[in-house]
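Structural features, examined
As a plain string of letters, each chain reads:
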Amino acid sequence: MALSMSTGTVIVKLPRHFANFRFYKAKQAHSRALGVIVGRNSNGSAIQDHSARTFSVCSVAKVKAHHYVGYPSGNNPSIRKSHSAAQFHYLTPGFNFSKSKNQVWQNLKTQIPNLQLQNLQYSGLPKGNILMDSSSQVLFRQLFEHKSCTYTYLLACNRTKEAALIDPVIEMVPRDVKLLHQLGYSLKYALNTHVHADHITGSGKLKEHFSGAKSVLGIDSGAKADIHVDHLQTLQIGDITLEARKTPGHTNGCMTYVWHSQKKVFCGDAILIRGCGRTDFQQGDADKLYSSVHTQIFTLPDEYSIFPAHDYTGQPWTTVGEEKMHNPRLTKERAVFIDLMNNLNLPYPKQIDRALPANLMCGIVDEPAKD
């Protein structure tokens, strides 16, 4: 069943235990794109082809195929209608979908000799945008605290069982500890993007639950931490590498953490979705913030996903490209941005008098003695 190498999309039907595979484009050796299938829609929802009950497939309405690869049981009218120009190729009943990702592709290439993929990587988002099982090597979770609308991010390596939490909140420490224990991870780092003024960090309390866990802050934060990271310093969490970048402006010590292999950016308050952090207190400087964003974040590839410390509109993430185009503050000229930020006239932060002193001490403050 040789597959001709015309430019287009190859749809591969995978068993349901591959339902957490994501859809990325794969590149042929001579740079003509082929697409490979996953079991999730672009919004993350699972799609099932009921004509082949043992499979999950991507939405046939969203992917136009030049070639369809699957078992004969997948030959239903809706697929043929959506892919009327496609060539259909059927796998033999004995075709072995191994649970090993590498073996899957070896098996596919054996069955389809001309199917050639390059940059085949699985430990992170591959440069060639090949199919990747996001749960097999690393884990990523976005968590939320409602009072201050703070996002906490869990990053974990499944090989070493090491984990990191970015911007933990003290009230949510029981949730975070429970989740880490349930998933079998040991906390290595509790990172903060900056000294927060709207909530108390959970770093200090988390260290009480995980021996050996280290708190992390930027070198210019002026606050207590086990590790103070400098510009372009890296942190290793098992197979995960985070690059720290200085992005002052909201505060002096703001850091952005970049997870290049997954194309993810954790920027604290430097960029919010269609906005940015205020610059009118806590060493804030609009000119510095403008420089930080434009030299350290907007210089990343457009497809990098941005995960901020907060959102107040119900949006979980954005991209570098989106913010370069649509951010109503950061797309302005420098002088206009500085004038805008200096005249926002925002109210005094509700929790700053409680949060700031605690966060300067890693979230741990001695309680006053009771009579």
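Residues numbered from 1 in each chain as written. Predicted model: local features only at pLDDT ≥ 70, side-chain atom pairs only at ≥ 80, totals over all residues. Heavy atoms only, no water.

Turning our eyes to something else, we now look at the overall build of the protein. Helix and strand content of the protein: 8 helices and 19 strands. By element, 51% of the accessible surface of the protein is carried by carbon and sulfur atoms, the whole surface being about 17000 Å². (Helix = DSSP H or I, 4+ residues; strand = E, 2+ residues; numbered from the N terminus. Areas by Shrake-Rupley, 256 points an atom, 1.4 Å probe, with all protein chains shown as cover.)

Among the 7 residues in strand 15 (residues 240–246), 5 count as buried, and that is most of the element. As defined by bridge partners, strand 14 (residues 234–237) adjoins strand 15 across 4 bridges and the pair is classed as antiparallel. Bridging across to strand 15, Ile 237 finds its partner in Ile 240. Inspection of the sheet shows strand 15 paired to strand 16 (residues 255–259) by 4 bridges, in the antiparallel sense. Paired with Glu 243 across the two strands is Val 258, which belongs to strand 16. (Buried < 20%, exposed > 50% of the residue type's maximum accessible area, 1.4 Å probe, protein only. Pairing = 2+ DSSP bridges.)

For the rest of this paragraph, the subject is helix 5 (residues 286–297). The first and last C-alpha atoms of helix 5 sit 16 Å apart over 12 residues, in line with the 16 Å expected at 1.5 Å per residue. Where helix 5 is concerned, the buried positions are Ala 286, Leu 289, Tyr 290, Ser 292, Val 293, Gln 296 and Ile 297. At its buried positions, helix 5 is contacted by strand 15, strand 16, strand 17 (264–268), strand 18 (305–308), helix 6 (320–326) and helix 7 (334–341). (Expected span 1.5 Å × (residues − 1). Contact = heavy atoms within 4.5 Å.)

This part takes up the side chain of Lys 263. You can see Lys 263 is positioned in the loop between strand 16 and strand 17. Overall, Lys 263 belongs to the buried group, its relative accessible area being 11%.

The next subject is the packing of aromatic side chains. According to the stated counting rule, one finds 11 aromatic pairs in the structure shown. When the ring of Phe 140 is compared with that of Phe 307, the centres are 5.1 Å apart and the planes differ by 65°; the resulting orientation is edge-to-face. Placement of the pair is Phe 140 in strand 8 (residues 138–145) and Phe 307 in strand 18, with a sequence separation of 167 residues. Residue class for Phe 140 comes out partly exposed when judged on its relative accessible area of 24%. Clustering of aromatic rings is evident, with ring pairs tying together Phe 140, Phe 144, Tyr 151, Tyr 153, Trp 259, Phe 266, Phe 307 and Trp 317. (Phe/Tyr/Trp six-rings, centres within 6.5 Å; stacked < 30°, edge-to-face > 60°.)

For the protein, the mean per-residue pLDDT works out to 73, and 61% of the residues sit at or above 70. Ignoring residues within four places in sequence, the model shows residues 85–101, a span with pLDDT below 50, making 58 contacts including any to other chains. Counting contacts from residues 112–136, a segment whose pLDDT is below 50, to residues more than four positions away or on other chains yields 81 contacts. (pLDDT = per-residue confidence, 0-100.)

Let's shift gears to the sheet that holds strand 19 (residues 318–319). Spatially, the 6 strands line up as an open sheet ordered 14-15-16-17-18-19, and their pairing is mixed. In this open sheet, the two edge strands, each paired with only one partner strand, are strand 14 and strand 19.

The residue Phe 266 is located in strand 17 in this model. Here the alpha-carbon distance between Phe 266 and Pro 308, two residues 42 residues apart in the chain, equals 5.9 Å. The contact partners of Phe 266, leaving out residues within four places of it in the chain, are Phe 140, Tyr 153, Leu 155, Ile 166, Thr 193, Met 255, Thr 256, Tyr 257, Trp 259 and Phe 307.

Strand order across the open sheet formed by 6 strands is 8-9-10-11-12-13, with mixed pairing between neighbours. Only two strands of the sheet have a single neighbouring strand rather than two, namely strand 8 and strand 13 (227–229). Across the sheet, the mean angle from the axis of one strand to that of its neighbour is 25°, orientation sign disregarded. In terms of strand pairing, strand 11 (residues 186–191) meets strand 12 (residues 214–218) through 3 bridges, oriented parallel. Residue pairing across strands places Leu 191 opposite Val 216, the latter belonging to strand 12. Packed on one face of the sheet, helix 3 (residues 173–183) meets strand 8, strand 9 (150–157), strand 10 (162–166) and strand 11 and runs near 160° to strand 8. (Axes fitted to C-alpha atoms, helices over the stretch in contact; angles between N-to-C directions.)

Glancing now at the state of the cysteines. Under the criterion given, the structure shown has 0 disulfides. Between Cys 254, a free cysteine, and Cys 267, which holds the nearest cysteine sulfur, the sulfur-to-sulfur gap is 9.7 Å. Note on Cys 254: relative accessible area 4%, which makes it buried. A relative accessible area of 2% places Cys 267 in the buried class. (Disulfide = S-S within 2.5 Å.)

What follows covers the pairing of strand 16. Taking burial as the measure, the 5 residues of strand 16 include 5 buried ones, the bulk of the element. Of the two faces of strand 16, the one carrying Met 255, Tyr 257 and Trp 259 and the one carrying Thr 256 and Val 258 are both buried. In terms of strand pairing, strand 16 meets strand 17 through 3 bridges, oriented antiparallel. If you follow Trp 259 over to strand 17, its bridge partner there is Lys 264. Once strand 16 ends, the chain turns through 4 residues before running back antiparallel as strand 17, passing Lys 263 with a positive phi of about 55°.

According to the stated counting rule, one finds 14 salt bridges in the structure shown. We note a salt bridge from Asp 220 to Lys 246, for which the minimum N-O separation is 3.1 Å. Of this pair, Asp 220 sits in the loop between strand 12 and strand 13 while Lys 246 is found in strand 15, placing the two residues 26 residues apart along the sequence. The exposure class of Asp 220 is partly exposed, given its relative accessible area of 40%. Note that Asp 287 and Arg 334 form a salt bridge whose closest N and O atoms lie 2.7 Å from each other. Taken as a pair, Asp 287 in helix 5 and Arg 334 in helix 7 lie far apart in primary sequence, 47 residues in all. By relative accessible area, which is 34% here, Asp 287 ends up partly exposed. Ionic contacts of the salt-bridge type, sharing partners, join the residues Asp 220, Asp 230 and Lys 246 into one network. (Salt bridge = Lys/Arg side-chain N within 4 Å of Asp/Glu carboxyl O.)

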